[in-house]
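# Report on the structure
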Amino acid sequence: MVRAINDMGQSNLVRCAAHSIQLSVNAGLRHNEVNELMNKLRKIVGYFNRSSTAQKELEDEQEKFGEKKSKLVQDCVTRWNSTFDMIQSILKHKNSVNSVISKNKKINKWFVASGDFKNMKDLIDVLEPFKVVTETLGGENYTTASIVHRLIKSLLNNVQVHTSDSNFITEVKTLISNDLKKRKELMGLVESKASALDPRYRNLKFLSTEQKQIVWKELEIELKKMVPEHVEKENEFYIPSESEMESEEEDSPPPKKFRSLMVDSDDDDEEDDKTLNPIIPNSPIDQLEAYKNLKTKIPYDQNPLIWWKENEIVYPIVSLLAKKYLSVVATSVPCERLFSEAGQVISQKRNRLSPDRVNQLLFLNSFFKSEEMAESLMVRQ
């Protein structure tokens with residue numbers, strides 16, 4: 001498989017963005033002090049989760065300190081963001097955890113000092129945006145490939161070192177930042193093309209000038225291959241009406257999370273002139289140029305697929321490229337989610353289902369998960 005990909009070339013290779021981001025997080029977690037602290041926390045969580053007596057003592061202490069009764073979260077190497085969840089769960093119950101540990105001579109060596117809690121809080125501040133980005137990119141009801149570069153830039157901004165940072169958190173940020181920059185460079189042009197064809201991010205302010213030129217040049221070359229030269233009508237123009245340029249909101253990433261991720265990115269593109277281009281040429285290359293220089297402000301919560309649906313009459317050829325690249329998913333999460341659902345459908349008692357029947361069942365499973373469909377069915381009944 002690896003050889004086949006290498007023979008094909010990596011220009012169209014789409015790496016799982018969430019996996020790449022988690023590998024960068026793991027690079028930071030391999031820091032000696034972090035590794036030592038995580039080993040202690042794993043022992044603490046393992047002690048309470050393996051013993052019902054210890055768990056009962058913990059619940060009694062949680063009630064005593066006014067904390068919500070709950071088990072501590074154990075991290076797992078193959079489960080993204082689980083280390084973040086483990087740290088957070090211990091921080092929420094730090095008083096009850098330390099109270100139980102201090103009363104038991106066998107485990108009092110695991111007592112969490114105030115300095116460790118300070119480092120844990122700093123780690124939470126660094127790792128939380130990575131969890132939000134991972135969850136956002138794992139969605140399947142909105143476009144994800146076009147927001148990869150924008151979100152990675154936001155993460156790189158988040159791990160910038162500040163003078164107020166401790167030596168501990170400075171070293172962790174540096175490890176994560178260096179690794180994430182390397183993985184960002186390994187990404188192909190697919191995500192960049194998707195960003196260019198997303199009207200919200202068509203300015204590509206998160207790419208260098210050279211990278212922008214390469215992306216638009218590649219799109220132009222691809223456009224020429226899609227449309228025979230004799231089809232191009234350079235002197236024909238189309239004047240769209242205002243109603244055709246309007247768009248509506250549809251499914252988008254979780255609004256609150258999405259806004260928090262975008263707040264520190266290049267927001268100066270929000271100041272673009274809101275006037276519409278009065279004349280749009282029909283020539284495919286001219287369409288691409290007109291779209292590139294479009295001066296309409298597109299909100300971040302606007303669904304780009306809806307925008308292209310309403311404007312495909314203006315940019316009919318370019319819209320074909322948009323459909324191609326905006327349909328790309330940024331991570332393998334939707335695929336893995338589908339495999340998990342298939343595992344629930346195909347059981348020992350249902351192991352002779354035909355592939356077609358499995359596809360139909362999975363389709364129905366996805367179809368009936370829609371809230372709108374569920375509501376409409378309830379109305380009909």
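Rules behind the numbers
- Throughout this document, residue positions are counted from 1 along each chain, in the order its sequence is written.
- This being a predicted model, a pLDDT of at least 70 is required before a residue's local features are given, and a value of 80 or more before pairs of side-chain atoms are given or counted; all residues contribute to the totals for chains, interfaces and linings.
- Think of the side-chain values as coming from all heavy atoms in the structure, minus any hydrogens and water.
- Think of it this way: any DSSP run of H or I at least four residues long counts as a helix, any run of E at least two long counts as a strand, and we number them from the N terminus.
- Partly exposed residues are those whose accessible area sits between 20% and 50% of the maximum for their type, while under 20% is buried and over 50% is exposed, using a 1.4 Å probe and protein chains only.
- Only heavy atoms enter the contact rule, under which two residues are in contact if any of them lie within 4.5 Å.
- Note on areas: Shrake-Rupley, 1.4 Å probe, and residue coverage restricted to the protein chains presented here.
- pLDDT expresses how confident the predictor is about each individual residue, on a scale running from 0 to 100.
- We count a salt bridge whenever a side-chain nitrogen from Lys or Arg sits within 4 Å of a carboxyl oxygen from Asp or Glu.
- Expected helix span is given by 1.5 Å per residue-to-residue step, counting one fewer step than there are residues.
- The patches described consist of residues with a relative accessible area above 30% and no salt bridge, like charges being joined within 9 Å and nonpolar side chains (Val, Leu, Ile, Met, Phe, Trp, Tyr) within 5 Å.
- Any pair of nitrogen or oxygen atoms within 3.5 Å is treated as a polar contact; in protein, a donor-acceptor pairing is required on top of that, and neighbouring residues in sequence qualify only through side-chain atoms on both sides.
- By convention, a stacked pair of Phe, Tyr or Trp rings (six-membered ring in the case of Trp) has centres within 6.5 Å and planes under 30 degrees apart, an edge-to-face pair has planes over 60 apart, and any other such pair is tilted.
- Sitting over a ring, as applied to charges here, requires NZ of Lys or CZ of Arg to be within 6 Å of the ring centre and within 35 degrees of the ring normal.

## A few points about the overall build of the protein
Each helix and strand counted, the protein has 19 helices and two strands in total. For the protein, with 381 residues in total, the buried portion stands at 45%. Contacts spanning at least 24 positions in sequence make up 75% of the contacts within the protein whose residues lie at least 6 apart. Carbon and sulfur atoms make up 51% of the accessible area of the protein, which totals about 21700 Å².

## Points about the confidence of the model for the protein
Here the protein averages 83 in pLDDT, while 80% of its residues score no lower than 70. By mean pLDDT, strand E1 (residues 237–238) is the weakest element of the protein at 42, and helix H5 (residues 82–92) is the strongest at 95. A low-confidence stretch, residues 232–250 (pLDDT under 50), is modelled with 44 contacts involving residues beyond four sequence positions or located in other chains. Here residues 377–381 scores under 50 on pLDDT; set against residues more than four positions off or in separate chains, the count is one contact.

## Concerning the pattern of salt bridges
Taken as a whole and assessed by the stated rule, the structure comprises 17 salt bridges. The closest approach of N and O atoms between Glu 312 and Lys 309, which form a salt bridge, is 3.6 Å. Through salt bridges with shared partners, a single ionic network connects Arg 79, Asp 85 and Lys 131.

## Thoughts on helix H9 (residues 167–186)
With 20 residues, H9 should cover 28 Å at 1.5 Å per step; its first-to-last C-alpha distance of 29 Å lies within 8% of that length. Within H9, burial applies to Phe 168, Ile 169, Val 172, Lys 173, Ile 176, Ser 177, Asp 179, Leu 180 and Lys 184.

## A word on a nonpolar patch on the surface
Together, Phe 363, Leu 364, Phe 367 and Phe 368 give the surface a local cluster of nonpolar side chains, amounting to about 400 Å² of exposed area. You can see Phe 363 is positioned in helix H18 (residues 355–369).

## A closer look at the environment of Ser 366
Looking at the secondary structure, you find Ser 366 in helix H18. Since its relative accessible area comes to 47%, Ser 366 is described here as partly exposed. In this structure the C-alpha to C-alpha distance between Ser 366 and Glu 341, which are 25 residues apart in sequence, comes to 9.5 Å.

## Topic: the side chain of Asp 165
Positionally, Asp 165 belongs in the loop between helix H8 (148–158) and H9. Polar contacts involving the side chain of Asp 165 include one to the main-chain amide nitrogen of His 162, which spans 2.8 Å. Every residue in contact with Asp 165, bar those within four places of it in the chain, is listed here: Gln 160, Thr 170 and Lys 173.

## Section: the side chain of Ser 192
Mapped onto the fold, Ser 192 is located in helix H10 (residues 189–196). Overall, Ser 192 belongs to the buried group, its relative accessible area being 5%. Other than its neighbours up to four places away in sequence, Ser 192 contacts His 149, Leu 204, Leu 207 and Val 215.

## Remarks on the packing of aromatic side chains
This model, assessed by the stated rule, comprises 10 aromatic pairs. Relative to Trp 110, the ring of Tyr 47 has its centre 6.2 Å away and its plane inclined at 70°; by these criteria the two rings are edge-to-face. Remark: Trp 110 occurs in the loop between helix H6 (94–103) and helix H7 (114–137) and Tyr 47 occurs in helix H3 (residues 32–50); sequence separation between them is 63 residues. Its relative accessible area of 16% is what places Trp 110 among the buried residues. Between Tyr 291 and Tyr 315 the ring centres are 6.0 Å apart and the planes differ by 75°, which places this aromatic pair in the edge-to-face class. Placement of Tyr 291 in helix H14 (residues 284–292) and of Tyr 315 in the loop between helix H15 (304–311) and helix H16 (318–326) is noted, with a sequence separation of 24 residues between them. Take Tyr 291 and Tyr 315: they sit in the same class, and that class is buried. Here a set of aromatic residues connected by ring pairs shows up, and it is made of Trp 216, Tyr 291, Trp 307, Trp 308 and Tyr 315. It is Lys 94 that lies over the ring of Phe 117; its NZ or CZ is 5.5 Å from the centre.

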